[in-house]
Amino acid sequence: MKIVILSRNQNLYSTRRLVEEAKALGHEIEVIDTLKCFMDITSAKPAILYQKRTLSDIDAIIPRIGASITFYGSAILRQFEMMGVYPLNESVAIGRSRDKLRSLQILSRKGLGLPKTSFAHSTRMTKNLIKLVGGAPLVVKLLEGTQGKGVVLAETNKAAESVIDAFRELHADFLVQEFVKEASGEDLRLFVIGEKVVASMKRKAKSGEFRSNLHRGGVAEKVKITKTERATAVKAAKAMGLSVAGVDLLRSSTGPKIMEVNSSPGLRGIEEVTGINVARLIIEYIEKNAKLGKVKTKGLG
Ligand SMILES: Nc1ncnc2c1ncn2[C@@H]1O[C@H](COP(=O)(O)OP(=O)(O)OP(=O)(O)O)[C@@H](O)[C@H]1O
Ligand SMILES: [Mg+2]
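(A) Just the sheet that holds strand β7 (residues 86–87), in detail. Strand order across the open sheet formed by four strands is β2-β1-β6-β7, with parallel pairing between neighbours. Whereas interior strands pair on both sides, the edge strands pair on one side only; in this sheet they are β2 (28–32) and β7. As paired strands, strand β1 (residues 2–6) and β2 are joined by five bridges and run parallel to one another. From the neighbouring strand, Val4 faces β2, where its bridge partner is Glu30.

Shown next, in the form of structure tokens:
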């Protein structure tokens, strides 16, 4: 097969591993810099131009689109889809997963466990937002945050009010969430391919910190997951319309609660911690599912 990886940098671990495994399985593979692609969107015959050539005869595309270029990356991916190229994850599904609020709404409609979450526009709603999630302690989260940066724990209602008012003053979009205390600074990352969890790890926050992000000093280790956790992750990926997803869960006293469904999950941590060849499993999934000229269209809104 002829496979393309949409990625900004061919030296990134995940990109390198996918190239390695595709080659090992006898495929032709090329890394294409998303931002260097361009296109004539009104052409009756959709095409992508890249480095003075028109890309053609591609069977499958692996999108690795960073959060900061979601808009342009999705447009490029959509163009490939219109050319009949099989996308590992579809552009609409990536769009859904990048919108935290929309994701929570979709997952909630499927009856999946989520931390109680509230959201409002008006400044007069601060007290109601706090009340809706059951009061402090609670977490206030910037919708645009990553690596734990925009996540604040407010231990009292007074602190929560101050944080919410401060975010409003900055015109930042945020949500207010029940603090799942019993997770004790740990969360799970379940790596889903197709309808299977193929690898999972636990991330533990450093002491005195509730955020388990590796960027905040957290450490990752192997973990044995329960049947319910496995089923929750598979359902979450499916609800989002993602073939490949990194599902982040908190272990709460009432079962798994989903924090996020990531559409371009990194391979480094999960492969290093588990020793599982996730990159190969992704290529094998593409081999099984990419049918020439057939683009999937599935999913909710
Ligand atoms: N409601 C919560 N209760 C307990 N701990 C939480 C809660 N929300 C987040 N955390 C902790 O904070 C960490 C960071 O939160 P989250 O994953 O939502 O934000 P992020 O990592 O900054 O963003 P993203 O995952 O979208 O890149 C989580 O990994 C988890 O350890
Ligand atoms: Mg996170």
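(B) Spatial organisation of the site of ligand 1. The environment of ligand 1 is made up of 24 residues, and the closest members are Pro115, Thr146, Val180, Arg211 and Ser212. Here the shell around ligand 1 is composed, by residue class, of nine nonpolar, eight polar and seven charged. The two domains that each donate at least three residues to the shell around ligand 1 are domain 2 (97–113 + 182–263) and domain 3 (117–179).

(C) Representation of unusual backbone geometry in the model. Cis geometry is found at the peptide bond from Ala136 to Pro137, where omega equals -5°. With respect to the helices, strands and loops of the structure, Pro137 is situated in the loop between α5 (126–132) and β9 (138–142). The phi angle at Gln51 is positive, at roughly 45°, despite the residue not being glycine. Note that Gln51 resides in the loop between β4 (48–50) and β5 (53–55). For Gln51, a count of 9 C-beta atoms within 10 Å gives the class exposed. Its identity is not glycine, yet Lys52 carries a phi of approximately 65°, on the positive side. Its location among the elements puts Lys52 in the loop between β4 and β5. What makes Lys52 exposed here is the crowd of 5 C-beta atoms within 10 Å.

(D) Structural detail: helix α2 (residues 70–82). The terminal C-alpha atoms of α2, which comprises 13 residues, lie 18 Å apart, in line with the 18 Å expected from a rise of 1.5 Å per residue. Those residues of α2 that fall on the buried side of the exposure criterion are Gly73, Ile76, Leu77, Gln79 and Phe80. On an axial view of α2, the arc spanned by its buried residues comes to 155°, and they lie on one face. As for α2, its buried residues are in contact with β1, β3 (37–38), β4, β6 (60–63), β7 and α3 (91–98). Just beyond α2, the residue with positive phi is Gly84, at close to 90°.

(E) How the structure looks around the domain arrangement of the chain. Each assigned domain of the chain is listed with its residue range as follows: domain 1 (2–89), domain 2 (97–113 + 182–263) and domain 3 (117–179). The C-alpha centroid of domain 2 is placed 27 Å from the C-alpha centroid of domain 1. Residue-level contacts link four residues of domain 1 with five residues of domain 2. Partitioned by chemical class, the residues of the side of domain 1 that touches domain 2 number two nonpolar, two polar and no charged.

(F) Here's a closer look at the environment of Asp57. If you trace the backbone, Asp57 turns up in the loop between β5 and β6. Placed 118 residues apart in sequence, Asp57 and Leu175 show a C-alpha to C-alpha distance of 44 Å.

(G) Broad picture of the nonpolar core. Membership of the largest hydrophobic core comes to 61 residues, with the highest contact counts inside it found for Leu6, Ile61, Val192, Ala236, Ala237, Met240 and Val247. For Val192, the residues in contact, after removing those within four places along its chain, are Val197, Ala233, Val234, Ala237, Val244, Ala245 and Val247. Counting residues in hydrophobic clusters, the runner-up holds eleven residues, among them Ile130, Val140, Ala160 and Phe174.

(H) Fine view of the packing of helix α1 (residues 13–24) against helix α9 (residues 278–289). Taken N-terminus to C-terminus, the directions of α1 and α9 make an angle of 60°; their axes are 8 Å apart at the nearest point. With respect to their mutual orientation, α1 and α9 come out oblique. When you trace α1 past α9, the crossing you get is right-handed. Contact residues: Arg17, Leu18, Glu20, Glu21 and Ala22 in α1; Ala279, Arg280, Ile282 and Ile283 in α9.

(I) Structural detail: the environment of Arg280. Here Arg280 is to be found in helix α9. Assessed through the 17 C-beta atoms surrounding it within 10 Å, Arg280 is described here as partly exposed. For the pair Arg280 and Gly145, spaced 135 residues apart in sequence, the C-alpha separation works out to 31 Å.

(J) Quick look at helix α6 (residues 157–169). Over its 13 residues, α6 extends 18 Å from the first C-alpha to the last, a length consistent with the 18 Å expected when each residue adds 1.5 Å. Directly after α6, the chain includes His171, whose backbone phi takes a positive value near 55°.

(K) Representation of the sheet that holds strand β8 (residues 117–118) in the model. Read from one edge to the other, the open sheet built from four strands follows the order β8-β11-β9-β10, with strand pairing classed as antiparallel. The sheet is open, and its two edges are formed by β8 and β10 (151–154), each paired on a single side. Direction of pairing for β8 relative to strand β11 (residues 174–178): antiparallel, over a ladder of two bridges. Across the sheet, residue Thr117 finds its bridge partner in β11, namely Gln177. Docked against the sheet, α6 engages β9, β10 and β11, running at close to 10° with respect to β9.

What counts, and where the lines are drawn
Residues numbered from 1 in each chain as written. Chains lettered and ligands numbered in written order. Predicted model: local features only at pLDDT ≥ 70, side-chain atom pairs only at ≥ 80, totals over all residues. Pairing = 2+ DSSP bridges. Helix = DSSP H or I, 4+ residues; strand = E, 2+ residues; numbered from the N terminus. Near = placed C-beta within 6 Å. Nonpolar A, V, L, I, M, F, W, Y, C, P; charged D, E, K, R; others polar. Domains from an automatic or database assignment. Buried ≥ 20, exposed ≤ 12 C-beta atoms within 10 Å, placed from the backbone. Expected span 1.5 Å × (residues − 1). Arc of directions from axis to C-beta. Contact = placed C-beta atoms within 7 Å. Core = buried A, V, L, I, M, F, W, Y, C linked by C-beta atoms within 7 Å. Axes fitted to C-alpha atoms, helices over the stretch in contact; angles between N-to-C directions. Parallel < 35°, antiparallel > 145°, perpendicular 65-115°, else oblique. Left-handed = near helix turned anticlockwise from the far one by under 90°.

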